[in-house]
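Listed below are the residues making up each chain.
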Amino acid sequence: MDLIYNIKDKPKFSKVILFALQQLLAIMAATIAVPAIIGHGLSASAALFGAGIGTFVYLLFTKSSSPVFLGSSFAFIGSMFSAFAGAATLGLSEAAGYWGLIIGALMAGLVYVIIAIVVKFCGTSWINKLMPPVIIGPTVAIIGLSLSGNAVGDLMKSSAEGGSTYVALICGLCTLAVTMLFSTYGKKIGRLIPFILGILAGYCLASIFAIIGYATDNSALIVINYSALTSLDFSKLSGWFALPKFTFLLGGTEGLKAITGKYILTLFTAYVPVAFVVFAEHLADHKNLSTIIGKDLLEEPGLTRTLLGDGIGSVAGAFFGGCPNTTYGESIGCVAITRNASTISIWGCACICIIFSLISPLVAFLETIPSCVMGGVCVALYGFIAVSGLKMFQTVDLNKNKNLFVASVILITGVGGMVVSFGAVEIRTVACALILGILTNVMLGKDE
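Rules of the game
- Residues numbered from 1 in each chain as written.
- Predicted model: local features only at pLDDT ≥ 70, side-chain atom pairs only at ≥ 80, totals over all residues.
- Heavy atoms only, no water.
- Salt bridge = Lys/Arg side-chain N within 4 Å of Asp/Glu carboxyl O.
- Helix = DSSP H or I, 4+ residues; strand = E, 2+ residues; numbered from the N terminus.
- Buried < 20%, exposed > 50% of the residue type's maximum accessible area, 1.4 Å probe, protein only.
- Expected span 1.5 Å × (residues − 1).
- Bend = angle between axes of the 7 residues up to and from the residue.
- 1 Å grid on protein atoms, 1.4 Å probe; cavity = no way out; pocket = protein on both sides within 12 Å on 5 of 7 lines; lining within 4 Å.
- Points joined across faces, edges and corners; volume = space filled by probe spheres on them.
- Nonpolar A, V, L, I, M, F, W, Y, C, P; charged D, E, K, R; others polar.
- Contact = heavy atoms within 4.5 Å.
- Patch = residues over 30% accessible without salt bridge, like charges linked within 9 Å, V, L, I, M, F, W, Y side chains within 5 Å.
- Areas by Shrake-Rupley, 256 points an atom, 1.4 Å probe, with all protein chains shown as cover.

A. Fine view of the pattern of salt bridges. Under the defined criterion, the tally for this structure stands at 1 salt bridge. One salt bridge in this structure joins Lys63 and Glu300, with 3.7 Å as the shortest N-O distance. Taken as a pair, Lys63 in the loop between helix H2 (44-61) and strand S1 (70-72) and Glu300 in helix H14 (residues 298-321) lie far apart in primary sequence, 237 residues in all. Exposure remark for Glu300: the relative accessible area of 34% places this residue in the partly exposed category.

B. Unusual backbone geometry, seen in detail. Cis geometry is found at the peptide bond from Glu300 to Pro301, where omega equals 15°. Of note, Pro301 is situated in helix H14. One non-glycine residue, Lys63, lies in the positive phi region at around 55°. With a relative accessible area of 40%, Lys63 lands in the partly exposed category.

C. Seen up close, helix H18 (residues 371-392). Spanning 22 residues, H18 covers 31 Å between terminal C-alpha atoms, matching the ideal 32 Å at 1.5 Å per step. Remark: the principal bend of H18, roughly 25°, maps to Val377. Burial analysis of H18 places 16 of its 22 residues in the buried class, which makes it a mostly covered element.

D. Spotlight on H14. Helix length check: H14 (24 residues) gives 28 Å between terminal C-alpha atoms against 34 Å at 1.5 Å per residue, more than 12% under. The principal kink in H14, of about 50°, is found at Arg305. Counting buried positions along H14 gives 19 out of 24 residues, so the element sits mostly inside the fold. Positive phi appears at Gly322, one or two residues downstream of H14, with a value of about 85°.

E. Fine view of the layout of surface pockets. In this structure, the largest pocket spans a volume of roughly 1200 Å³. Along its surface, the largest pocket is lined by 44 residues, and Ala30, Ala33, Phe74, Asn150 and Tyr382 are the ones closest to its centre. Here the residues of the lining of the largest pocket are counted per class, giving 22 nonpolar, 14 polar and 8 charged. Taken as a whole, the second largest pocket spans an internal volume of roughly 320 Å³. If you trace the second largest pocket, you find 17 residues lining it, with Ser45, Leu232, Ala242, Ser360 and Val363 closest to the centre. Only helix H16 (343-358) and helix H17 (360-368) provide two or more residues apiece to the lining of the second largest pocket.

F. Representation of the environment of Leu232. Its place among the elements puts Leu232 in the loop between helix H11 (227-230) and helix H12 (247-257). Considering only alpha carbons, one finds Leu232 and Ile142, 90 residues apart in sequence, at a separation of 40 Å. Each residue touching Leu232, except ones within four places of it in the same chain, is listed here: Gly239, Ser360, Pro361 and Ala364.

G. Quick look at a nonpolar patch on the surface. A surface patch of nonpolar side chains, amounting to about 460 Å² of accessible area, comprises Phe234, Leu237, Trp240 and Phe241. For Phe241, the location among the structural elements is in the loop between H11 and H12.

Quick look at the structure:
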């Protein structure tokens, strides 16, 4: 793919701000969804702050050579629930549960560090043998396809109670259409920020429907929820600026003192196995990004650096926001569609995440973006991830039964949504598909 901006290119400051905002809009929904799912007082603003800090760490370790954002990881949702459930089972306070999130993320980060050390001394050739294109290609495709249900669900979902599915669908399709048109036919800056323009178009259309709905007392036309904005008290400083509820502050010294050996063991069983699973997704993401930017990131800056950046960045994210971080497919999709691989944009996105997390109206505004509008964007993002994966194994000879079976196993188990649980440990769809693909490839042996 011909890039408009390469990794080390430095666009004008005004463009960097726009590119950074676009990255933010691409990753925002998923990043703030994790704390919303977990509850227990975890906040969207803290998650954004933690994602920004985690991305800083990743960029530093990778020498600004890998254009991808780190956001809240869905793979660790089960582990995070286990942290609070384990604390309650052992009679510990919720404050101890907050420290459990941090300690668990630290354990997962150490797994990455250990693997990074192994890679440092053993190289990456074994990875290429273990996961050739016939495995990596369909696995990357599954990353996008496994999220397709979320995209379609959001596309037809109202963020306001009583909102019509059809109105939501119109707003979502408007977002998708504007995004595609600007990405394909846009001139100059318009072609580089199709997501911002698409979201603005969808948001404006949803607002027009809402105005008509309020005027005619027709709730079916209202698919946007402004409560996050209307609940702000601008007469107080907190209505303008507020420090996020950081995880380490929620835990406090009392929560840290309450940690026991049994609880640490609980955290170990909940987080460490998942870390090995997320490692597989880390490889798939970086293989995919390498294909998009035309540079093997496993060689330069090297898998050791990307692992250290991801692992330690994940710990940093959990320390502030409670959520371990991971490289985001949405961010990679944004790079693919806009053909902007400049890491300055990622630095800018991380900065904006941190700044936005401190400004109450901005956090509230982001929360008012309707699900259907984000769904329209995600149809394009997840679709590009899937297609880029399919492109990775287009040179694979599928006339050979071995290759056909390997690709088939990955695609079917991935599209089918296979998830396997062992107690508190959950192996999610992408990891299940990848593991079965590797086992199939090993079992069938050498090419016929």
